[in-house]
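What follows is the residue order along each chain.
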Amino acid sequence: MRIVLLGIALLLSACGFQLRGAYNLPYESLYIDLPPASIIGAGLKRQIRAGGNTRLVDEKQEAQAIFLQVTELRERQILSLNTAGQVREIRLRFRYAYRVVDQKGRELVQTTGVELTRDATYDDSAVLAKTQEEALLWTNMETDLIQQLLRRLAAVKPNVPADPY
């Protein structure tokens, strides 16, 4: 039994498994230029505060980098209909684009987009349940988007423009 457990432990350590951990962003200070009621903005702030070495600031003038939302589009598309012409499947699509600039407005990270999709079945006889499922999928997509944004911000090498003076 001990040999089996030792073998499993050795395999797990050899496969490169590692917990995700905190995101280390390449900025000392960051201003997130999103409305206070923004779910994406609140999630980004919460995740950055929870770990990493980047300090969130309240004023653009204090920030080394400024995160700007370019677009946020949520679409609901019908994928298929049944023989009676009623909706059978839907696709939820979340498109988000952002960029990062410095205090002078120079681009540190060019406009980058993220697109998330989720497919779901639909049934007119269970409208309430399907409405709740759709809301849950949107929440899941928001959480996924926040994680993807943090991974992308942590992985990117900012384009630091040369100062002409």
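To keep things clear, this report deals only with the structure shown in the data block. Computed from a predicted structure; not experimentally measured.

**Things to note about helix α2 (residues 39-50)**
Taking 1.5 Å of rise per residue, the 12 residues of α2 would be expected to cover 16 Å, and the 16 Å separating its terminal C-alpha atoms lies within 8% of that figure. Residues of α2 that are buried include every one of I40, G41, G43, L44 and I48, and no others. An end-on view of α2 places all buried positions within 165° of arc, on one side of the element. Counted as exposed and oriented over 90 degrees from the buried face of α2: R46, R49 and A50. The inward-facing, buried residues of α2 abut β1 (29-33), β2 (55-56), β3 (65-81), β4 (87-101) and α3 (127-155). Capping the start of α2 is the job of one residue whose side-chain oxygen sits 3.4 Å from the backbone nitrogen of I40: S38. Backbone geometry just after α2 places G52 at a positive phi near 95°.

**What to know about the nonpolar core**
Of all hydrophobic cores here, the largest spans 31 residues; its most connected members are F67, Y98, V100 and L149. Sorting the residues of this core by element identifies β1, α2, β3, β4, β5 (107-121) and α3 as the ones contributing at least two each. Take this core: its biggest share by element is 8 residues, from α3. Not counting residues up to four positions away in its chain, the partners in contact with V100 are Y27, A65, I66, F67, R106, E107, L108, V109 and L153.

The rules we used
- Residues numbered from 1 in each chain as written.
- Predicted model: local features only at pLDDT ≥ 70, side-chain atom pairs only at ≥ 80, totals over all residues.
- Heavy atoms only, no water.
- Helix = DSSP H or I, 4+ residues; strand = E, 2+ residues; numbered from the N terminus.
- Expected span 1.5 Å × (residues − 1).
- Buried < 20%, exposed > 50% of the residue type's maximum accessible area, 1.4 Å probe, protein only.
- Arc of directions from axis to C-beta.
- Contact = heavy atoms within 4.5 Å.
- Polar contact = N/O pair within 3.5 Å; in protein donor to acceptor, adjacent residues only side chain to side chain.
- Core = buried A, V, L, I, M, F, W, Y, C linked by side-chain atoms within 4.5 Å.

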